[in-house]
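# Summary of structural features
Next come the chains, spelled out residue by residue.
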Amino acid sequence: MSTIHLRQTTTSTPQQFLAGLTDFGPGRSKLFGNSADGYLKVHHRGAKEADVTEGSGGIWERLHYDWSDPNRVVMTTTDSNLWGGRSGHTYTFTRRPDGMTDLDAVVVRDGKNLKGRALGFVLGIFGERVLGKELAKTVKAIEARNGGPHT
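Nothing here was measured: the structure is a model prediction, and the numbers come from that model.

## So, the packing of aromatic side chains
For the structure on display, the rule yields 3 aromatic pairs. With centroids separated by 6.4 Å and ring planes inclined at 40°, the aromatic side chains of Phe 17 and Tyr 91 adopt a geometry described as tilted. Within this pair, whereas Phe 17 is found in helix H1 (residues 14-21), its partner Tyr 91 is found in strand S6 (residues 88-95), the two being separated by 74 residues in sequence. Classification of Phe 17 as buried rests on a relative accessible area of 1%. For Tyr 91, a relative accessible area of 10% gives the class buried.

## Regarding the pattern of salt bridges
Using the criterion set out here, one finds 9 salt bridges in the structure. Residue Arg 96 is joined to Asp 98 by a salt bridge in which the shortest nitrogen-to-oxygen separation is 2.6 Å. Assessed through its relative accessible area of 49%, Asp 98 is described here as partly exposed. Note that Lys 137 is salt-bridged to Glu 134, the shortest N-O span being 3.4 Å. Residue Lys 137 and its partner Glu 134 are located together in helix H2 (residues 114-145), separated by 3 residues, close to a single helical turn. One connected set of salt bridges, linked through shared partners, spans Arg 96, Asp 98 and Asp 102.

Calculation criteria
- Residues numbered from 1 in each chain as written.
- Predicted model: local features only at pLDDT ≥ 70, side-chain atom pairs only at ≥ 80, totals over all residues.
- Heavy atoms only, no water.
- Phe/Tyr/Trp six-rings, centres within 6.5 Å; stacked < 30°, edge-to-face > 60°.
- Helix = DSSP H or I, 4+ residues; strand = E, 2+ residues; numbered from the N terminus.
- Buried < 20%, exposed > 50% of the residue type's maximum accessible area, 1.4 Å probe, protein only.
- Salt bridge = Lys/Arg side-chain N within 4 Å of Asp/Glu carboxyl O.

So this is what it looks like as structure tokens:
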């Protein structure tokens, strides 16, 4: 099992970032490179939670999204072709006095088969760099959809 901790700072408010995370409409891949529109299926969406399948490149997972806390989104893997156990993502938003938002993301990858365990091992070594670059792209895309960076 691999646990990857990522940090970014954004000009987006927690509400703006939350709106991006929970936008399950067409074009999601513009915000999240690892969520291709062809994989996206919303099974259920409520006011503070959703059940969504997403993925790309032959890797998919069904996630239960919980954003009942406006400063935290917990995405728990409920099914996947690779991930099981305690897999998922947690995003925590902390508003700073200067108007910026600190974003902490924790990604847990618990492989449920040989391919998942192998990829989980690789992510344990390279995940911070690879997933960190993806998170930086997501931050820029969410900032852009909200009028761009403004400090």
